[in-house]
Amino acid sequence: PETVHLADYAPVPVTVTHLDVSFQLDPKATRVSSRLTCKRQGPGEMVLNGEGLKTLSVTLDGVPLDADRHTLGDRTLTLHDAPDEFLLETVVEIAPADNKALSGLYMSNGMYCTQCEAEGFRRITWMLDRPDVMATYDVAIDSDLPVLLSNGNERAAGVWHDPWPKPTYLFALVAGDLVATSDSFTTMEGKDVALNVWVRPGDEDRTAYALDALKRSMAWDEEVYGRAYDLSVFNIVAVDDFNMGAMENKGLNVFNSRYVLASPETATDADYANIERIVAHEYFHNWTGNRITCRDWFQLCLKEGLTVFRDEQFSQDQRGYAVQRIGDVMNLRARQFREDAGPLAHPVRPESFVEINNFYTATVYEKGAEVIGMLRTLIGAEAWDQGVALYFERHDGEACTIEDWLAVFEEAAERDLTQFKLWYSQAGTPRVRVTEHFSDGLYRIDLAQSVPPTPGQPDKQPMVIPLAFGLLDREGNEIRPTEVRELTTAGDSLTFDLAEKPVLSILRGFSAPVILEFDRPDADRLTLLAHDTDAFSRWEAGRVLAKDRLMRAISEDAEFDAGWLDAVATLAQDDNAEPAFRALALALPSEDDLAQSLHEAGIVPDPDRIHLTRRAAQMAVAERLANALPDLRAAMATPGAYSPAAEDAGKRALSASLLKLQTMRDGGAAARRVYDTADNMTDRMAAFACLLDVGDPDVAAQFEADWSHDRLVMDKWFMAQVAHATPVDAVGVAERLTKRADFDPSNPNRFRALIGGLTTGNPAGFHRADGSGYAFVTDWLLRLDPSNPQTAARMSTAFDSWRRYDADRQALVREQLDRMAAADPSRDLAEMVARMRAA
Ligand code: HT7
Ligand code: ZN
């Protein structure tokens, strides 16, 4: 398959400025008639994209095209001598009911919907399917279905006009038997906007939170970024079959139903938080992505990194800075650091790809957001605000590049960002080694940076790394508040005149996405854990202590010492700290995190040993806190009606952590009481997980009896059973569940719940030494791939850490990668497998 290179970008010789498209909907034979207003902007042939289209006619200015004036290929329609201005009309037929790839126009539970990012529009009709071609749209939908939606404003039933020029990837059409929950919003410019959340009949009592999140997002973008909405209507539609989380189509966002539907009985606090974040994310794209879009797909981070940065800011404002930031860093480390450390490592702005869908990654999204956070830290809030304002003013209506983005900040901050730009082109997580020296009243910090080699990038240059730090005295009093220094060379030093050696609090707020290598006394970490003014650093100190204990227990059989257990217990009981923070402080590093850290320390990780040692550490914490657990849990009660807001959610999070510890001591008695009396899904799921952990024989059947009618709740049921099976049983449990009639692999949520329950939720089960986990996952990837290559390729990343493990496991994984490569996989899966095999 062809590799696309950033360096080969060239604008189109003929562009499309307007599209008139009409749909006669039919599951097996939808007719799409389109009229493209085309305009030449340079010499060359016009090459339109199409995929799987049955072409019924092609005319230019009303005249059927002569054979010598065009070439109709499988995936291209080439016009050899197109005039300067013309109308190109095509009629094609497609079969949405047969489209199981969920890209283009497809059907989900009798409803028509589209997914066009990145290159799905070409599966609908012939078009220049690339983001730098921006056109206005008129859409007419002919169908008996009651609700007919597209982008823009509605002119008549099923007739839509979108006045804002947009690329094809933002096109959307939805048709179905849907019901709306509606509201309105008046923008700061005085425009009244109708807001609708469309769902299948029966789901309408679960839309209130998404609608509320939408209104809060609209107000926030006005207040913080001065950005107002620009159409008369904003529609959100919930779809059960969806490859990703949601899609920001202009004026018509399409969502995976799991990120819209919520009620206290069916959704957990985490679900609510995700709905809030994703609704905001898609809404924020209206400016960062839609009004200003990407010139080409290599610039994906231009919209995604920035929009993640904005949704993280929004969530911090809604839920509290510290807890949100810690959660975002945990997510970054779990997904992006892992990606950066393996064969799939790539720059925030990749330079080549085979299949763009494989680059909707944690690196582009989450590291992309961190890069923007660093930019803001480096230039300061004022220059940031000026630069962002200039970006909106200068580039509204354009398809832009990272160069355009950085140029506005170079101007606003009067600063050369050439070195900073390396963050976009160099893959790999930088290491910053910190060493301290103190003598004769002089305190010196030596800093050294390095970036590890990654595929295709053996040598790296030093980056600009903003290091936020502060100093504490030995009693934990802050003696120097937070300041930021920039590390721009391979090595540098900071010096301070001080009477005694201080306690350094460095990388406050996680000021750069780097790995700190800092060997320091436990006493310093304990001081930070107890006293640091920066909540992130406080949490981080506890995390480093825990990881150190776990790594030594795994590799040297070390005991869990009383000093550490006391510190954990003190924090768990610290009423001055918010419950959500205490819950985060109680959470031990994940098994995957430990496996990666052991690997980096030169120790081959043993998944079973990691699993058992982590459980032993939990047991040690449970014993240390034993007498306090019931009262502590009681203090976290949230009487009154369920509220998904951060305060109550934090109490439930701590309560769930404590219940897990209590279960280790009482065999599930407390969890059983919670399960039987819970009035919300957060508490019920926490208890369900505990009961699965102790092998409760009835709870899975009870849960099923209560919830078999609810697809989203049953996804949780599938996932939890696999994730909480013992490692020995996990593959068998997963296999048994795949045989059920309600395991429908063509539904990505169900597929991800079950297969992800094993690969992510149960690492020791996935990495069974007999290779059964690897073979099971490969079987299912190969079954899914022919119909849904995007999701198969995405799920294949489970294998990206295979080089960490012992030779036997590596051989078993290689066998499966070879099997996939030999099975004539899709372009999507083939690219992923090739990259992982190359390692
Ligand atoms: N921009 C959206 C990305 C997306 C997507 C990409 C490929 C295939 C299917 C997809 N569905 C959604 C989502 C976002 O980042 O907001
Ligand atoms: Zn996005």
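Since the structure is predicted, the reported quantities are computational estimates derived from the model, not experimental observations.

## Here's the deal with the overall build of the chain
In terms of regular secondary structure, the chain is built from 27 helices and 31 strands. Across its three principal axes, the chain shows a C-alpha extent of roughly 85 × 65 × 60 Å. Taken over 839 residues, the chain has a buried fraction of 52%.

## As for the sheet that holds strand E26 (residues 442-450)
Within the open sheet, the 4 strands sit side by side as E29-E26-E25-E31. Their pairing is mixed. Lying at the two open borders of the sheet, with one neighbouring strand each, are strand E29 (491-497) and strand E31 (515-517). Neighbour-to-neighbour, the strand axes of this sheet turn through a mean angle of 25°, independent of strand direction. Pairing analysis gives 3 bridges linking strand E25 (residues 431-439) to E31, with the strands arranged parallel. Across the sheet, residue Arg431 finds its bridge partner in E31, namely Ile515.

## Remarks on the pairing of strand E2 (residues 14-24)
Bridge count for E2 against strand E3 (residues 30-40) is 10 bridges, and the pairing is antiparallel. Considered in E3, the bridge of Val21 is made with Ser34. Hairpin remark: E2 followed by E3, antiparallel, with 5 residues in the connecting loop. Both E2 and strand E12 (residues 135-142) contribute to a ladder of 7 bridges, which runs parallel. Pairing of Asp20 across the sheet is with Asp138, part of E12.

## What about the UniProt feature "domain: Peptidase M1 alanyl aminopeptidase Ig-like fold" (unreviewed entry) in the chain?
UniProt's feature table lists "domain: Peptidase M1 alanyl aminopeptidase Ig-like fold" (unreviewed entry) at residues 428-518, given in the numbering used throughout. Counted over residues 428-518, helix gives 0% and strand 55%. Its end C-alpha atoms are 19 Å apart.

## Considerations on the sheet that holds strand E18 (residues 192-199)
On the basis of which strands lie adjacent, the open sheet formed by 5 strands has the order E17-E18-E19-E21-E20 and mixed pairing. Each of the sheet's edge strands pairs with one partner strand only, and the pair in question is strand E17 (179-186) and strand E20 (246-247). Inspection of the sheet shows strand E19 (residues 233-239) paired to strand E21 (residues 252-256) by 5 bridges, in the parallel sense. When the bridges of E21 are listed, Val239 appears paired with Asn256.

## So, the domain arrangement of the chain
Taken domain by domain, the chain holds domain 1 (1-177), domain 2 (293-425), domain 3 (437-514), domain 4 (521-668) and domain 5 (697-839). The C-alpha centroid of domain 5 is placed 35 Å from the C-alpha centroid of domain 1. Each side of the interface is counted separately: domain 1 has 5 residues, and domain 5 has 7 residues. Residues that form the side of domain 1 that touches domain 5 fall into these classes: 3 nonpolar, 1 polar and 1 charged.

## Observations concerning the site of ligand 1
Close to ligand 1 lie 15 residues, the nearest being Glu117, Asn243, Met244, Met247 and Tyr360. Of all the secondary structure elements, the ones that give two or more residues to the shell around ligand 1 are E20 and helix H2 (269-284). Split by residue class, the shell around ligand 1 holds 5 nonpolar, 6 polar and 4 charged. Shared between two domains, the shell around ligand 1 takes at least three residues from each, and those domains are domain 1 (1-177) and domain 2 (293-425).

## What to know about the pairing of E17
Bridge analysis of E17 against E18 gives 8 bridges, and the strand direction is antiparallel. Paired with Thr181 across the bridge in E18 is Val197. Count of turn residues in the E17/E18 antiparallel hairpin: 5 residues, of which Gly190 carries a positive phi of about 85°.

## Brief notes about the nonpolar core
Soluble globular proteins: nonpolar side chains tend toward being buried together. Counting 248 residues, the largest nonpolar core has Val174, Val237, Val254, Val260, Ile275, Phe688 and Val722 as the members making the most contacts within it. Top element by residues in this core is helix H5 (residues 362-379). It accounts for 10 residues. Apart from residues no more than four positions distant in its own chain, Phe688 is found in contact with Tyr675, Val699, Phe703 and Ala720.

## Focus: the packing of helix H3 (residues 300-319) against H5
Interaxial distance between H3 and H5 falls to 7 Å at its minimum, and their mutual angle equals 70°. In terms of orientation, H3 lies roughly perpendicular with respect to H5. Along the contact surface, H3 presents Leu300, Cys301, Glu304, Gly305, Leu306, Val308, Phe309 and Glu312, while H5 presents Val364, Tyr365, Glu366, Gly368, Ala369, Val371, Ile372 and Gly373. For the contact of H3 with H5, a count of residues per class yields 10 nonpolar, 3 polar and 3 charged.

## Some points on the packing of helix H1 (residues 208-225) against H2
It is the contact of H1 with H2, at a shortest axis distance of 9 Å, that shows an interaxial angle of 45°. Judged by the angle between their axes, H1 and H2 are oblique. Both H1 and H2 take part in a crossing whose hand is right-handed. Listed contacts from H2 to Tyr209, Ala210, Ala213, Leu214, Ser217, Met218 and Asp221 of H1 are Tyr272, Ile275, Glu276, Val279, Ala280, Tyr283 and Phe284.

Analysis parameters
Residues numbered from 1 in each chain as written. Chains lettered and ligands numbered in written order. Predicted model: local features only at pLDDT ≥ 70, side-chain atom pairs only at ≥ 80, totals over all residues. Helix = DSSP H or I, 4+ residues; strand = E, 2+ residues; numbered from the N terminus. Buried ≥ 20, exposed ≤ 12 C-beta atoms within 10 Å, placed from the backbone. Pairing = 2+ DSSP bridges. Axes fitted to C-alpha atoms, helices over the stretch in contact; angles between N-to-C directions. UniProt positions renumbered as here; feature names shortened; annotations may be inferred. Domains from an automatic or database assignment. Contact = placed C-beta atoms within 7 Å. Nonpolar A, V, L, I, M, F, W, Y, C, P; charged D, E, K, R; others polar. Near = placed C-beta within 6 Å. Core = buried A, V, L, I, M, F, W, Y, C linked by C-beta atoms within 7 Å. Parallel < 35°, antiparallel > 145°, perpendicular 65-115°, else oblique. Left-handed = near helix turned anticlockwise from the far one by under 90°.

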